[in-house]
Amino acid sequence: MYKITFILAAFLMLFSACGNQQKQEEPQKPNIVVIYLDDLGYGDVSAYGATEIKTPNFDKLAEGGVRFTTGYASSATCTPSRYALLTGEYPWRNQNAKILPGSAPLIIDTAKITIPKMLKEQGYHTGIVGKWHLGLGSGNVNWNERVAPGPNEVGFDYSFIMAATQDRTPTVFLENGYVVGLSPDDPLYVNYQKNFEGEPTGLDNPGLMKMRWFNGHNNSIHNGIPRIGFQKGGKSAMWVDEDMADDFLTKAKNYVKEHKNEPFFLYYALQQPHVPRTPNARFVGTSGMGPRGDVIIEADWCVGEFIKTLEEEGLLDNTLVIFSSDNGPVVNDGYYDDSVEKLGKHTPWGPLRGGKYSLFEAGTRVPFITYWKGKIQPAVSDAMVSQLDLFSSFAKLVDSDKRGPDSEDLLDVFLGKSQEGRDEIVLEATSRTALRKGNWAMIPPYNGPAVNKMVNIELGNSSEFQLYNLNDDLGQQKNVAAENPEKLKEMVDLFEKLRGD
Ligand code: NG6
Ligand code: CA
């Protein structure tokens, strides 16, 4: 009996030893990192032609990976782009995917598949550090308890986020649903309809402000900066704007160090160069272009430090890095911060027309880079790709059979092995949509001003159909709709079909 047990035990040991060995020999699945800037324009990166600003660390990714010339965010504003990125679904399919206040409920259905959920199914640890802006809770959030549902409920094992934007209340970070540094003696309250009695606002307290508001942004003041939305209490939890880049970087680096022994997905969503632009003292004056340029230099440094961490941890050749931005650029987005006065010859939109909020190209065509040391050969690709496509392409990479509803598997394009990008894409800007197909861009007629004077950006509104041939008119200067009725019809028909109109 003993003998049999012994033989059996020995057999089992041998068997499990073989199993272990096999496990060790299996290459670890690649890590995936999405580095996502906020309002960084096509022309804000030297690898994309900027001459007035140097972005050596963004450039290192561009020059060592595939630099896409025709890469799109799904929308010309933040919430819809982020929604589309994580779900692989066009943002205009979800009515709630619009710029959200800091008190808005979560707009991703917790039953819906997302990139982090899909990756979790394949054994990944998943984390987000940085800007969220997809809503939290289910309405009437109590910020003094765990705030849910949020990122952790749509697939992230770890989250360290700001709720909405840097210019919106609450001006606190949340870690796994809890406001960081909150004291029970000083609870936090947030309201977007009315102020709390006795709390100063930007509207009537110019003396309390170190940054003046230009448009909106005149509710609660924190750190000398007036914001959108009201808040009260929570003083021990308030972030220091000038430290935000370092705070996010530290968390992103720690995340990598803590999860280096398992495959991980990190969504590192930097806050720059969105307003208010608050470079750390180390970066003040470094661009000669005022705070907007300075925070781009700061973000570039952060990306360099982050990549250095991957390298030091020996992970760089097993990590696919995606670098992009949620929407196009804006110079004055609601504060007097010298960005207009000190812009000089810099063109954040590069050769494109429009900017943030616009249906013209600069609204959604953004820097878009894929980098994987030793795996992706340096190249420039003109293939049309969208952030929508990350879902299905990541799924392919990790052998998942899940796909995003509007997401194409372009893994080979992202890895630089193919130039066959998308045929077409529907672009969105503040609830309006347009079609890109082949060399053509078609914008249907929309009411509304041609230019948003507050931000000085051409929105793409016109009473006429607009059709541009981007092959010879990248800057969309010549509407050729009248000369090309057949092309226009083809574009309109396809647009209506895709929109389901
Ligand atoms: C706009 C804000 C702008 C910015 C934007 C959201 C005003 C006048 N403008 O409503 O400053 O916060 O929303 O930007 O309030 S995004 O990148 O998050 O979409
Ligand atoms: Ca944005």
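Residues numbered from 1 in each chain as written. Chains lettered and ligands numbered in written order. Predicted model: local features only at pLDDT ≥ 70, side-chain atom pairs only at ≥ 80, totals over all residues. Heavy atoms only, no water.

Chemist: Looking at this structure, how should I read unusual backbone geometry?
Modeler: Glycine aside, the phi torsion of most residues is negative, and most peptide linkages are trans. Cis rather than trans, the peptide bond between Ala148 and Pro149 has omega equal to 0 degrees. Turning to its location among the elements, Pro149 is positioned in the loop between strand E4 (125-131) and strand E5 (158-162). With omega at -10 degrees, the peptide bond leading from Gln272 into Pro273 counts as cis. Of note in the backbone geometry, Asn140 takes a positive phi value of approximately 50 degrees without being a glycine. With respect to the helices and strands, the residue Asn140 is situated in the loop between E4 and E5. Given the relative accessible area of 80%, Asn140 is considered exposed. The residue Tyr357 is not glycine, and still its phi comes out positive at about 75 degrees. (Helix = DSSP H or I, 4+ residues; strand = E, 2+ residues; numbered from the N terminus. Buried < 20%, exposed > 50% of the residue type's maximum accessible area, 1.4 Å probe, protein only.)

Chemist: Sorry, what's going on with the site of ligand 1 here?
Modeler: Taken together, 19 residues sit near ligand 1, with Cys78, Asp167, Arg168, Asp333 and Lys356 positioned nearest. In the environment of ligand 1, an oxygen atom lies 3.2 Å from a nitrogen or oxygen atom belonging to the side chain of Asp39. A distance of 2.8 Å separates an oxygen atom of ligand 1 from a polar atom in the side chain of Arg168. Relative to its unbound accessible area of 450 Å², ligand 1 is 85% covered by the protein chains. Per-class residue counts for the shell around ligand 1 are 5 nonpolar, 7 polar and 7 charged. (Near = heavy atom within 4 Å. Polar contact = N/O pair within 3.5 Å; in protein donor to acceptor, adjacent residues only side chain to side chain. Areas by Shrake-Rupley, 256 points an atom, 1.4 Å probe, with all protein chains shown as cover. Nonpolar A, V, L, I, M, F, W, Y, C, P; charged D, E, K, R; others polar.)

Chemist: Help me out: how do you make sense of the side chain of Gln231 in this one?
Modeler: Along the chain, Gln231 turns up in strand E12 (residues 230-232). With near-sequence residues (within four places) excluded, Gln231 lies in contact with Thr169, Pro170, Thr171, Leu188, Tyr189, Val190, Phe196, Glu199, Ser220, His222 and Met238. (Contact = heavy atoms within 4.5 Å.)

Chemist: Honestly, the coordination of the calcium ion (ligand 2) in this entry has me stumped. Any pointers?
Modeler: Tetrahedral coordination by four donors puts the ideal angle at the metal at 109.5 degrees, and octahedral coordination by six puts it at 90 or 180 degrees. The protein atoms that coordinate the calcium ion (ligand 2) are Asp38 (OD), Asp39 (OD), Asp326 (OD), Asp326 (OD) and Asn327 (OD1), at distances spanning 2.2 to 2.7 Å. In the primary structure, the donors to the calcium ion (ligand 2) are separated according to the pattern D-D-x286-D-N. Taken together, the residues Asp39 in the loop between strand E1 (31-37) and helix H2 (56-64) and Asn327 in the loop between strand E14 (319-325) and strand E15 (335-336) connect sequence positions 288 residues apart. On the basis of relative accessible area, Asp39 is assigned to the buried category, the value being 1%. The class for Asn327 is buried, based on a relative accessible area of 0%. (Donors = N, O, S within 2.8 Å, 3.2 Å for Na, K, Ca; no water.)

Shape is all these values report; function is a separate question.
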